[in-house]
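A look at the structure
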Amino acid sequence: MELDKERERETQRRKTIADAVGILAQSLADKELVMRKLALFRALEKRAQERVAAGVAATDEQAKDELWPHYEVMINRIGGERGWPPATRVQFEREAGPD
């Protein structure tokens, strides 16, 4: 009789420990998932900050004014190899569009 009670207590103790270990294992898995998500969000934030640091113009007009000289050189270089006429600001404005 006493032996049966002792076995029952031991079984209950092992079950309690197993439940606690299961909860701990799940918590560790959840933490790993959260850490991976956090790393992803940090990487996305860093990339966004780098893009902003690279330059965001206050207005569309300012952005076009800053881009135009570089665009003109590139298009004229490529166009010269392919027989295109020289780039014009009007053409650039049309391609840049309102959006």
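Now for a look at the structure at hand. (Residues numbered from 1 in each chain as written. Predicted model: local features only at pLDDT ≥ 70, side-chain atom pairs only at ≥ 80, totals over all residues. Heavy atoms only, no water.)

This paragraph deals with the pattern of salt bridges. Counted under the stated rule, the structure contains 10 salt bridges. Notably, a salt bridge pairs Glu 10 with Arg 13, separated by 2.5 Å at the nearest N-O pair. Of this pair, Glu 10 and Arg 13 are both found in helix 1 (residues 2–54), three residues apart, which corresponds to roughly one turn of the helix. You can call Glu 10 partly exposed: its relative accessible area is 25%. You can call Arg 13 partly exposed: its relative accessible area is 43%. Between Arg 89 and Glu 61 there is a salt bridge whose closest N-O contact spans 3.7 Å. Taken together, the positions of Arg 89 in helix 3 (residues 89–96) and Glu 61 in helix 2 (residues 60–82) put the pair 28 residues apart, joining distant regions of the chain. For Arg 89, a relative accessible area of 25% puts it in the partly exposed group. (Salt bridge = Lys/Arg side-chain N within 4 Å of Asp/Glu carboxyl O. Helix = DSSP H or I, 4+ residues; strand = E, 2+ residues; numbered from the N terminus. Buried < 20%, exposed > 50% of the residue type's maximum accessible area, 1.4 Å probe, protein only.)

Time to look at helix 2. Maximal helix bending in helix 2 amounts to about 40 degrees, located at Trp 68; proline Pro 69 follows within four positions. Tucked inside the fold, the buried residues of helix 2 contact helix 3. With its phi angle positive at about 80 degrees, Gly 83 sits one or two positions after the end of helix 2. (Bend = angle between axes of the 7 residues up to and from the residue. Contact = heavy atoms within 4.5 Å.)

The next point concerns the packing of helix 2 against helix 3. Working note: a packed helix pair is described by the angle between its axes plus the distance between those axes. As a packed pair, helix 2 and helix 3 sit with axes 11 Å apart at the nearest point and diverge in direction by 125 degrees. Here helix 2 lies oblique to helix 3, going by the angle between them. Read as a crossing pair, helix 2 and helix 3 show a hand that is right-handed. Contact residues: helix 2 offers Glu 61, Lys 64, Asp 65, Leu 67, Trp 68 and Tyr 71, while helix 3 offers Arg 89, Phe 92, Glu 93, Glu 95 and Ala 96. Residue composition of the contact of helix 2 with helix 3, grouped by class: five nonpolar, no polar and six charged. (Axes fitted to C-alpha atoms, helices over the stretch in contact; angles between N-to-C directions. Parallel < 35°, antiparallel > 145°, perpendicular 65-115°, else oblique. Left-handed = near helix turned anticlockwise from the far one by under 90°. Nonpolar A, V, L, I, M, F, W, Y, C, P; charged D, E, K, R; others polar.)

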